[in-house]
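One-letter residues, chain by chain:
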Amino acid sequence: MSSGLTQLSCEKFFDGLQYRYSHHSRENNWPMKFTVFLPPKALLGERCPVMMWLTGKTLGEFGFTNKSGFQRWAAELNMIVVTPEPTPRGIEEPDPVEGLPFGAQLGSYVDATTPIWCEHYRMYSYITKEFYDIVLDKFPVIREKFCLSGHSMGANAAIPIALQNLDKFASVTALSGNYNPIESEEGAKAFQLYLGSDREAWRPYDTCEVIRDYHGPPKKVLIDQGGGDSVSVKNFNQKPLLGACQGTDISLTYRIHSGYHHAYEYIQTFVKDHMEFHLKILNSIG
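Below you will find a few notes about this structure. What you are looking at is a predicted structure, and each value in this text was computed from that prediction instead of being measured.

1. Some thoughts on unusual backbone geometry
Point 1. Even without a glycine there, the phi angle at Asn78 is positive, about 55 degrees.
Point 2. Look at Asn78 and you get buried, because its relative accessible area is 15%.
Point 3. With a phi close to 75 degrees, Ile116 is a non-glycine residue in the positive phi region.
Point 4. With respect to the helices, strands and loops of the structure, Ile116 is situated in the loop between β5 (80-84) and α4 (123-138).

Put into structure tokens, the structure is as follows:
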């Protein structure tokens, strides 16, 4: 189990409490931060379903917490929401001219194996083992009703993580991700950096590859995409995802929303849909 938590802040939202914590991560060998929202029922001691949200690379754990407005719906639905920092921060010193090197503060939610990066960048194991255990140990969650969502870089990771850890995550959704990073320039560059040149080592972190290899029970997945999202249109090809799901037990709901972009205005609009999608599945568990 990780070392103890240090509370950094606490704010009241819709009769729930939004906390921010730090701790020293065993997996990443570095201080990490995360947020947790406890809805009214949780504050009364009742155990509640929990959604883990994986964020993109630009902002830390506070981005989704401060900008998505999810607290209104989490309070209404009595869902605990936890958001880990997307990658260790502050390890590398930025160059005065060039800034941070590629790979710094990126992480891609993988367990790096290459020299230098493997010392601190083990986000896959942090999410599925260390942080997962912290949530179960420290907060009043229902273990069987643990779900996973992500946006952008977090969306890239959410589906592979959930489908390869069925004993931990009962439901999964994603927004605006790169679901075939092996075949994208940025994705391949990141995987090469963290994992080396063996493309077989990249496959567990690629949504399309994981879906093609999936042999678990039938699974429903929700993905939302902004129709005006220049980030995804420029960098990510969504067609392989649709093809990968054909003939599998993955039932994909893939929605494109005209005019919506990549940022938090878009997340604010659809985050409730994702929470309700999870709850419909979680409530069927009993």
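2. Some details on the packing of aromatic side chains
Point 1. In this structure the tally under the stated criterion is 21 aromatic pairs.
Point 2. Ring plane angle 55 degrees and centroid distance 5.9 Å describe the contact between Tyr21 and Phe139, whose orientation is recorded as tilted. Here Tyr21, found in strand β2 (residues 16-25), pairs with Phe139, found in the loop between α4 and β6 (141-151); they are 118 residues apart in sequence, far enough to count as distant. Each member of the pair, Tyr21 as well as Phe139, is classed as buried.
Point 3. Residues Phe34 and Phe139 carry aromatic rings whose centres are separated by 6.3 Å and whose planes lie at 80 degrees to one another, so their mutual orientation is edge-to-face.

3. Side note on helix α6 (residues 185-195)
Point 1. For α6, the full list of buried residues reads Gly187, Ala188, Ala190, Phe191, Tyr194 and Leu195. Seen along its axis, α6 keeps its buried residues to an arc of 165 degrees; they face one direction.
Point 2. The positive-phi residue at the C-terminal boundary of α6 is Gly196, with phi of around 90 degrees.

4. Looking at the packing of helix α3 (residues 70-77) against helix α10 (residues 264-283)
Point 1. Two elements in contact, α3 and α10, have axes whose closest approach is 9 Å; the angle formed by their N-to-C orientations is 25 degrees. On the basis of the axis angle, α3 is roughly parallel to α10. Considering only the axes of α3 and α10, their crossing is right-handed. Along its contact with α3, which presents Phe70, Trp73, Ala74, Glu76 and Leu77, the element α10 presents Val271, Lys272, Met275, Glu276 and Leu279.
Point 2. When the residues that make up the contact of α3 with α10 are grouped by side-chain class, the tally is seven nonpolar, no polar and three charged.

5. Considering the sheet that holds strand β1 (residues 6-13)
Point 1. Spatially, β1-β2-β3-β5-β4-β6-β7-β8-β9 is the arrangement adopted by the nine strands of the open sheet, whose pairing is mixed. Looking at which strands have only one partner, the edges of the open sheet turn out to be β1 and β9 (250-257). Each strand axis lies, on average, 20 degrees off the axis of its neighbour in the sheet, ignoring direction.
Point 2. Note: strand β3 (residues 30-38) against β5, four bridges, orientation antiparallel.

6. Some words on the nonpolar core
Point 1. Core analysis: the largest hydrophobic core is formed by 63 residues, its most contacted members being Val36, Met52, Leu54, Ile80 and Tyr194.
Point 2. Leu54 has contacts with Pro84, Tyr109, Ile127, Leu148, Ser149, Gly150, His151, Gly154, Ala157, Ala158 and Ile161, leaving out every residue within four places of it along the chain.
Point 3. Of all hydrophobic cores here, the second largest spans 20 residues; its members include Trp53, Ala74, Cys147 and Leu279.

What counts as what
Residues numbered from 1 in each chain as written. Predicted model: local features only at pLDDT ≥ 70, side-chain atom pairs only at ≥ 80, totals over all residues. Heavy atoms only, no water. Buried < 20%, exposed > 50% of the residue type's maximum accessible area, 1.4 Å probe, protein only. Helix = DSSP H or I, 4+ residues; strand = E, 2+ residues; numbered from the N terminus. Phe/Tyr/Trp six-rings, centres within 6.5 Å; stacked < 30°, edge-to-face > 60°. Arc of directions from axis to C-beta. Axes fitted to C-alpha atoms, helices over the stretch in contact; angles between N-to-C directions. Parallel < 35°, antiparallel > 145°, perpendicular 65-115°, else oblique. Left-handed = near helix turned anticlockwise from the far one by under 90°. Contact = heavy atoms within 4.5 Å. Nonpolar A, V, L, I, M, F, W, Y, C, P; charged D, E, K, R; others polar. Pairing = 2+ DSSP bridges. Core = buried A, V, L, I, M, F, W, Y, C linked by side-chain atoms within 4.5 Å.

Just distances and angles here, no functional claims.
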